Amino acid sequence: IQDGVEEIGNGAFSLCDDAENGITELKIPASVKKIGVIAFYKQAYLTTLILEDGIEEIGANAFSWCPLKEVIIPSSIKEIGVDAFKKTEKLVLPSGFKSLTGRFFSPNVTIQSDEFYIDEFGVGYNKDKTQLLFTTKQIEGAYTIPEGVISIAECAFESQSEMTEVIFPMSLETIEWWSFAFCAGLKEIVLPSNINSIGDSAFRDCTNLTKATISGQISIDINDVFFRCENLQTVKLGEKIYQR
């Protein structure tokens, strides 16, 4: 990609399984700030990717199903979309890397920075484990968020469809937008009394969710938080919950 290009559009180079015309090596310059959704989706022969420092956003499925061997994420990145590097063999978060939210899958995530902690389920936290930031693997069954976590970042569990239960800590105060969007395996959620903020569409399209309990003192729009939760039958609200 030529220097000076600032954005690569959605689907720009997607779906190429032609060996003669497929991309095998790709270098994206520092001038590019955003790589769009499915920009290089299923480039079947793309094995080498160099991302120069300067890139800030990589869209969902941008390099999904590309047979990339190793990708080093530059420290300028602020957001990586869902499954942006699905099937990448090795993903490296370098030293100095401090901020990352969302969901990205790679069988081997190497963190050279001491700013993050990733547990055995592939869930990433900040250094002091007060912020749940991202997930790197498919979670199956129940997942327990440890005590001490104060916030769950935007899109952190997006599309974790195999996750059937989440046990929230009493310390939790904030759930950002789309944190649990498209988590079709969830059937019931119970939020702790310390919750004071739930972002837009936090549980949208949780299609098997039937019951939700929300305590604490908070003002929320039920229809927005649980947008298109078509099987939701009961929402139990605490005394200090204010519905907009």
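Look above for the structure.
Computed from a predicted model, the values in this text were never measured in an experiment.

All right, on to the overall build of the protein chain then. Tallying secondary structure elements over the protein chain gives 1 helix and 23 strands in all. Here the protein chain has a C-alpha radius of gyration of 19 Å; the compact-globule value for 244 residues is 18 Å, and the two agree. By principal-axis analysis of the C-alpha atoms, the protein chain measures approximately 60 × 35 × 30 Å. Looking at the protein chain as a whole, 46% of its 244 residues are labelled buried. In the protein chain, once contacts between residues fewer than 6 apart in sequence are set aside, the share between residues at least 24 apart is 29%. Carbon and sulfur atoms make up 44% of the accessible area of the protein chain, which totals about 11500 Å². The positive charge centre, built from 21 side chains, and the negative charge centre, built from 35, are 3 Å apart in the protein chain.

Looking now at the sheet that holds strand 1 (residues 7-8). Taken together, the 4 strands give an open sheet; going across it, the order is 1-3-5-7, and neighbouring strands pair in parallel fashion. What marks the edges here is a single partner per strand, and that holds for strand 1 and strand 7 (79-80). Pairing analysis gives 2 bridges linking strand 5 (residues 57-58) to strand 7, with the strands arranged parallel. Looking across to strand 7, one finds that Glu-57 is bridged to Glu-79.

Attention shifts here to the layout of surface pockets. In this structure, the largest pocket spans a volume of roughly 180 Å³. In terms of lining, the largest pocket is formed by 17 residues, of which the most central are Glu-79, Gly-81, Val-82, Cys-155 and Glu-158. The residue makeup of the lining of the largest pocket, split by class, is 8 nonpolar, 4 polar and 5 charged.

This part covers the pattern of salt bridges. Applying the stated rule across the entire model yields 5 salt bridges. Of the charged contacts in the structure, one is a salt bridge between Lys-69 and Glu-89, with a shortest N-O distance of 3.3 Å. Residue Lys-69 is found in the loop between strand 5 and strand 6 (71-72), and its partner Glu-89 is found in the loop between strand 7 and strand 8 (91-93); the two are separated by 20 residues along the sequence. In this structure Lys-69 comes out as partly exposed when scored by relative accessible area, which is 47%. Close ionic contact of Arg-204 with Asp-205 constitutes a salt bridge, the shortest N to O distance being 2.8 Å. The two residues Arg-204 and Asp-205 agree in class, both being buried. Residues joined by salt bridges that share partners form a network here, namely Arg-204, Asp-205 and Arg-228.

A cluster of nonpolar side chains, Ile-1, Val-5 and Phe-13, forms an exposed patch at the surface whose accessible area comes to about 200 Å². Mapped onto the fold, Ile-1 is located in the segment before strand 1.

This next bit is on the state of the cysteines. Considering all chains together, one arrives at 0 disulfides under this definition. Cys-155 carries a free sulfur, and the closest cysteine sulfur to it, the one in Cys-183, is 11 Å from it. Judged by its relative accessible area of 10%, Cys-155 is buried. Free of any disulfide, Cys-183 has its nearest cysteine sulfur in Cys-206, 5.2 Å distant. Accessibility expressed as a relative area gives 0% for Cys-183, which makes it buried.

How each quantity is defined
- Residues numbered from 1 in each chain as written.
- Predicted model: local features only at pLDDT ≥ 70, side-chain atom pairs only at ≥ 80, totals over all residues.
- Heavy atoms only, no water.
- Helix = DSSP H or I, 4+ residues; strand = E, 2+ residues; numbered from the N terminus.
- Rg over C-alpha atoms; globule rule 2.2 N^0.38 Å.
- Buried < 20%, exposed > 50% of the residue type's maximum accessible area, 1.4 Å probe, protein only.
- Contact = heavy atoms within 4.5 Å.
- Areas by Shrake-Rupley, 256 points an atom, 1.4 Å probe, with all protein chains shown as cover.
- Lys, Arg positive; Asp, Glu negative; His and termini not counted.
- Charge placed at Lys NZ, Arg CZ, Asp CG, Glu CD.
- Pairing = 2+ DSSP bridges.
- 1 Å grid on protein atoms, 1.4 Å probe; cavity = no way out; pocket = protein on both sides within 12 Å on 5 of 7 lines; lining within 4 Å.
- Points joined across faces, edges and corners; volume = space filled by probe spheres on them.
- Nonpolar A, V, L, I, M, F, W, Y, C, P; charged D, E, K, R; others polar.
- Salt bridge = Lys/Arg side-chain N within 4 Å of Asp/Glu carboxyl O.
- Patch = residues over 30% accessible without salt bridge, like charges linked within 9 Å, V, L, I, M, F, W, Y side chains within 5 Å.
- Disulfide = S-S within 2.5 Å.

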